[in-house]
Amino acid sequence: VIDGQGNAAGLSSTLGSGSGVFRDGFQLNNMLGELDVIGSEERPPGARLPSMMAPTLVLEGDTPRLVIGSAGSVRLSGAILQVIASVAGHGLPVREAIEQPRLHDEEGVLHLEGGWAADVPGRLEEKGWTVVPWSGANLYFGGVSAVETRPDGTLGAAGDPRRGGHGVVVE
């Protein structure tokens, strides 16, 4: 959220695959089952679980340029970084940046979401990557939501269509 005075706040949360346990209108998280995030080592009682949640604020000077977060387990930090690069580095509006195809490197295997130019997988393989092409957009590659203050001072908002997200600007 970025309000009319330029105050900004971000929230990131994840439910994993869901616990199936509901309390007071909320489904409890199943983080104990996400071994790709928490690992399999024993943890002492009371220890905090690792989390990939990473609400992020990108500033231009003292002004919030981008407030961004994502769901997506170990893939969410890459999804966030790719959208930041598209907005802050390449000047895309936040909606276009979120809709760009993504990639994810896991243990030397590069997963490519559908939508890249047809020659990209082959070019990456020539450089030594093991490439797994996906067809179309897929929620595997995160679920970014973001708001931005554009260079002209207007606001933009978008939610990731991979996860049914929406963004709204209220003036």
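To keep things clear, this report deals only with the structure shown in the data block. (Residues numbered from 1 in each chain as written. Predicted model: local features only at pLDDT ≥ 70, side-chain atom pairs only at ≥ 80, totals over all residues. Heavy atoms only, no water.)

## Quick word on helix H2 (residues 76-89)
The cut-off we apply is this: Where helices and strands are cited, they refer to DSSP runs of H or I of at least four residues and of E of at least two residues respectively, numbered from the N terminus. In this analysis, the expected span of each helix is defined as 1.5 Å times one less than the number of residues it contains. Relative accessibility decides the category of a residue: with a 1.4 Å probe and only protein chains considered, values under 20% of the type maximum give buried, values over 50% give exposed, and everything between is partly exposed. Throughout, the arc means that of the directions going from the helix axis to the C-beta atoms. Only heavy atoms enter the contact rule, under which two residues are in contact if any of them lie within 4.5 Å.
Compared with an ideal rise of 1.5 Å per residue, which puts 14 residues at 20 Å, H2 spans 19 Å between its outermost C-alpha atoms and is within 8% of the ideal. Residues Leu76, Ala79, Ile80, Val83, Ile84, Ser86 and Val87 constitute the buried set of H2. Projection of H2 onto a plane perpendicular to its axis shows the buried side chains occupying an angular sector of 165 degrees, all on one side. In H2, the exposed residues that point more than 90 degrees away from the buried face are Leu81 and Gly89. Buried residues belonging to H2 abut strand S3 (56-60), strand S4 (63-69), helix H3 (94-99) and strand S8 (145-149). Phi turns positive one or two residues past the end of H2, at glycine 91, with a value near 75 degrees.

## Examining the packing of aromatic side chains
The cut-off we apply is this: When the centres of two rings from Phe, Tyr and Trp lie within 6.5 Å, Trp using its six-membered ring, the rings pair. Their planes under 30 degrees apart give stacked, over 60 give edge-to-face, and anything left gives tilted. Note on criteria: charge over ring means Lys NZ or Arg CZ within 6 Å of the ring centre, with the direction from the centre no more than 35 degrees off the ring normal.
Enumeration over the complete set of coordinates arrives at three aromatic pairs. With centroids separated by 4.5 Å and ring planes inclined at 25 degrees, the aromatic side chains of tryptophan 134 and tyrosine 140 adopt a geometry described as stacked. Owing to a relative accessible area of 16%, tyrosine 140 belongs among the buried residues under this scheme. Measuring from centroid to centroid gives 5.0 Å for tyrosine 140 and phenylalanine 141, while their planes differ by 80 degrees, and the two rings are edge-to-face. In this pair, the class of tyrosine 140 matches that of phenylalanine 141, namely buried. A connected cluster of aromatic rings, assembled from ring pairs, spans Trp134, Tyr140 and Phe141. Directly above the aromatic system of tyrosine 140 lies the positively charged group of arginine 75, at a separation of 4.1 Å from the ring centroid.

## Section: the pattern of salt bridges
Let me state the cut-off plainly: Each reported salt bridge corresponds to a side-chain nitrogen of Lys or Arg within 4 Å of a carboxyl oxygen of Asp or Glu.
Counted according to the given criterion, the structure contains seven salt bridges. Glutamate 148 is paired through a salt bridge with arginine 150; the nearest N and O atoms lie 3.2 Å apart. Among the ionic contacts, a cluster of salt bridges with common partners joins Glu60, Arg65, Glu148 and Arg150.

## Structural notes on the sheet that holds S4
Basically, it comes down to this: At least two DSSP bridges between two strands are needed for those strands to be called paired. Fitted lines through C-alpha atoms serve as axes, helices being fitted only where they are in contact, and the angles separating the N-to-C directions of these axes extend from 0 to 180 degrees.
Spatially, the four strands line up as an open sheet ordered S3-S4-S8-S9, and their pairing is antiparallel. Because the sheet does not close on itself, it has two edges, and the strands there are S3 and strand S9 (155-159). Pairwise comparison of adjacent strand axes, ignoring direction, gives a mean angle of 10 degrees for this sheet. Taken together, the four bridges between S4 and S8 define a ladder with antiparallel strand orientation. Following the sheet pairing, leucine 66 is matched in S8 by glutamate 148. H2 rests against S3, S4 and S8 of the sheet, and its axis sits at about 150 degrees to S4.

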